[in-house]
Amino acid sequence: MTVNAARFLLPVLLGVAGMVVAEPVRLTPPDDLLKAGVLSPALPAPELELQGSDGKPLNLARFRGKVVLLAFGFSSCGEVCPITLATLAGARKKLGGDAADVQVVYVTVDPERDDAARMKKFLGSFDATFVGGVGSRAEIDVAQASYGITSARKDYPDGNYTIGHSSSIYLIDRAGRLRAVMPYGHSSDDFVHDLKILLRT
Amino acid sequence: MNRRLWILLAPVIGAALALLAWAAFAPIQSGSREQVFDIPQGTYARRRAGDLVEILPDRIRLTLGINDVLLIRNQDDVPQTFGPTIMMPGQSFRLPFERPASYQFVCTAHASGQLTIDVEAEPATPWARIHWRARHWWENRKK
């Protein structure tokens, strides 16, 4: 009985031992894959027709030749927007000289409170090169709809209010094509990874 | 146990042990890390006609290191909103995940307008691999 058991169990045990020491085979993604969600084929990014916090008309054509990081938010935001802007500012710092070819555009979802001066002050506390987008409620609604941005106002008893809004960041390449969308929560290193790819393509 | 019974049972026990050992220790491999979902042509039209057709499941489960990339292809004639973006007709959206969590997305391909994606950690222990394989087999047995 012992001999029979050994005949059957020995190969099993050897197989187990082999699998224990075997290195798992992983499909490693190629280095040129973005960490953001990629749209394929890449189509021209919807154009913006707003006023910039720098006093100039704001449209994406202004930044052709640069990689644009486009996001939506508001200056009174206490949570998501400061984190997003700090992340983007951190990414630009890590890029060093390449940061000159990266433009952050932040469009308000709160046109009732955010004007050009207020957005300039708010964005400037993160990075002086950031440009804000402001306009009338109708103009902002058009910009939001073209990117599928949703926002919902929540009023407080004291008369104040906040706005819940889509928090992804849109990556637009040098040719003005909407290449990818980075969901909220990614690190500055993830942005640096993707920006380096977009800057060289 | 007499000798004849042992001779009959030994291969069965050996095969069961081998299967268990394979399930516990063999690395989980997949041909592609992409989990593909298509939004077929006519989805929007069917919805407008009152057909509550479900193209995508309400919940999608992904596993890091195995199938951790969601690929949605819009083959419909109209734009579809998925999560943070609008997919134009003929466009696809490839979204990789790197962290285990439950993600909520707006999705116009759903009657409910909402899609949940559960991203699980890679099964790293023998028991986790057995559990993953058993569940994977159970969920795919009718496909």
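If you're wondering where the values come from, they're calculated on a predicted model, not measured in any experiment. (Residues numbered from 1 in each chain as written. Chains lettered and ligands numbered in written order. Predicted model: local features only at pLDDT ≥ 70, side-chain atom pairs only at ≥ 80, totals over all residues. Heavy atoms only, no water.)

A. Here's a closer look at the sheet that holds strand β9 (residues 169-172) of chain A. Within the open sheet, the eleven strands sit side by side as β3(A)-β2(A)-β6(A)-β5(A)-β4(A)-β9(A)-β10(A)-β1(A)-β6(B)-β3(B)-β1(B). Their pairing is mixed. Because the sheet does not close on itself, it has two edges, and the strands there are β3 (57-58) of chain A together with β1 (34-39) of chain B. Against the sheet, helix α3 (residues 116-124) of chain A engages β2 (50-52), β5 (102-108) and β6 (131-134) of chain A, with an angle of about 150° to β6(A). (Pairing = 2+ DSSP bridges. Helix = DSSP H or I, 4+ residues; strand = E, 2+ residues; numbered from the N terminus. Contact = heavy atoms within 4.5 Å. Axes fitted to C-alpha atoms, helices over the stretch in contact; angles between N-to-C directions.)

B. Focus on the pairing of strand β4 (residues 67-73) of chain A. Residues and elements named next belong to chain A. Burial within β4 is extensive, with seven of its seven residues counted as buried. Covered by surrounding structure in β4 are Val67, Leu69, Ala71 and Gly73 together with Val68, Leu70 and Phe72, the residues of both alternating faces. With seven bridges connecting them, β4 and β5 associate as parallel partners. Looking across to β5, one finds that phenylalanine 72 is bridged to valine 107. Taken together, β4, helix α2 (residues 80-95) and β5 constitute a β-α-β crossover, and its handedness is right-handed. Pairing geometry for β4 and β9, over three bridges, is antiparallel. Paired with valine 68 across the bridge in β9 is isoleucine 172. (Buried < 20%, exposed > 50% of the residue type's maximum accessible area, 1.4 Å probe, protein only. Right-handed = clockwise from strand over helix to strand, strands pointing away.)

C. Layout of the sheet that holds strand β2 (residues 59-63) of chain B. Residues and elements named next belong to chain B. Strand order in the open sheet formed by three strands is β2-β8-β7, and the pairing between neighbours is mixed. Two strands close off the open sheet at either side, each with one partner strand: β2 and β7 (101-106). Across the sheet, the axes of successive neighbouring strands diverge by a mean angle of 20°, strand direction being ignored. Two elements, β2 and strand β8 (residues 114-120), share five bridges in a ladder whose sense is parallel. What sits directly across from leucine 62, in β8, is valine 119.

D. Region of the structure containing empty space enclosed by the protein. Residue and element names in this part refer to chain A. For the structure on display, the rule yields one cavity of 30 Å³ or more. Roughly 30 Å³ of volume is contained in the largest cavity. In this structure, the largest cavity is lined by Leu60, Phe63, Arg64, Gly65, Lys66, Val68, Ile172, Asp173, Arg174 and Gly176. Counted by class, the lining of the largest cavity contains four nonpolar, two polar and four charged residues. (1 Å grid on protein atoms, 1.4 Å probe; cavity = no way out; pocket = protein on both sides within 12 Å on 5 of 7 lines; lining within 4 Å. Points joined across faces, edges and corners; volume = space filled by probe spheres on them. Nonpolar A, V, L, I, M, F, W, Y, C, P; charged D, E, K, R; others polar.)

E. Region of the structure containing unusual backbone geometry. In this structure, the amide linkage connecting Ser40(A) to the following residue, Pro41(A), adopts the cis form with an omega of -5°. Relative to the helices and strands, Pro41(A) resides in strand β1 (residues 37-44).

F. Quick peek at the layout of surface pockets. In this model, the largest pocket occupies a volume close to 560 Å³. Surrounding the largest pocket, 24 residues form its lining, Ser168(A), Pro183(A), Pro84(B), Gln104(B) and Phe105(B) being those nearest its centre. Element by element, the count of residues in the lining of the largest pocket is highest for β7(B), at four residues. Approximately 400 Å³ is the volume attributed to the second largest pocket.

G. How the structure looks around the packing of aromatic side chains. The full count for this structure, using the stated rule, is seven aromatic pairs over all chains. An aromatic cluster is present here, built from Phe72(A), Tyr147(A) and Tyr170(A) joined pairwise through their rings. Here Arg113(A) stacks its cationic end above the ring of Tyr161(A), 3.7 Å away from the centre of that ring. The lysine or arginine in question, Arg133(B), covers the ring of Trp22(B), its NZ or CZ lying 4.1 Å from the ring centre. (Phe/Tyr/Trp six-rings, centres within 6.5 Å; stacked < 30°, edge-to-face > 60°. Lys NZ or Arg CZ within 6 Å of the ring centre and 35° of its normal.)

H. Here's a closer look at helix α5 (residues 188-200) of chain A. All names here are of chain A. In a regular helix each residue adds 1.5 Å, so 13 residues correspond to 18 Å; α5 covers 18 Å between its end C-alpha atoms and thus fits that length. For α5, every residue scored as buried is listed here: Ser188, Asp190, Phe191, Val192, Asp194, Leu195, Ile197, Leu198 and Leu199. Next to the buried residues of α5 lie β4, α2, β5, β9 and β10 (177-182). (Expected span 1.5 Å × (residues − 1).)

I. Structural context of the packing of α2(A) against α5(A). All names here are of chain A. Contact pair α2 / α5: the axes reach a minimum separation of 8 Å and the direction vectors enclose 55°. Relative to α5, α2 is oriented oblique. Judged by the sense of rotation from one axis to the other, the crossing of α2 with α5 is right-handed. Each of Thr87, Leu88, Gly90, Ala91, Lys94 and Leu95 in α2 lies in contact with α5, whose residues at this interface are Ser188, Asp189, Phe191, Val192, Leu195 and Lys196. Across the contact of α2 with α5, the residue classes tally to six nonpolar, three polar and three charged. (Parallel < 35°, antiparallel > 145°, perpendicular 65-115°, else oblique. Left-handed = near helix turned anticlockwise from the far one by under 90°.)

J. Main features of the environment of Val12(B). Residues and elements named next belong to chain B. Mapping valine 12 onto the fold places it in helix α1 (residues 3-25). For valine 12, a relative accessible area of 53% corresponds to the exposed category. The spacing of valine 12 and alanine 121 is 109 residues in sequence and 33 Å in space, taken between C-alpha atoms.

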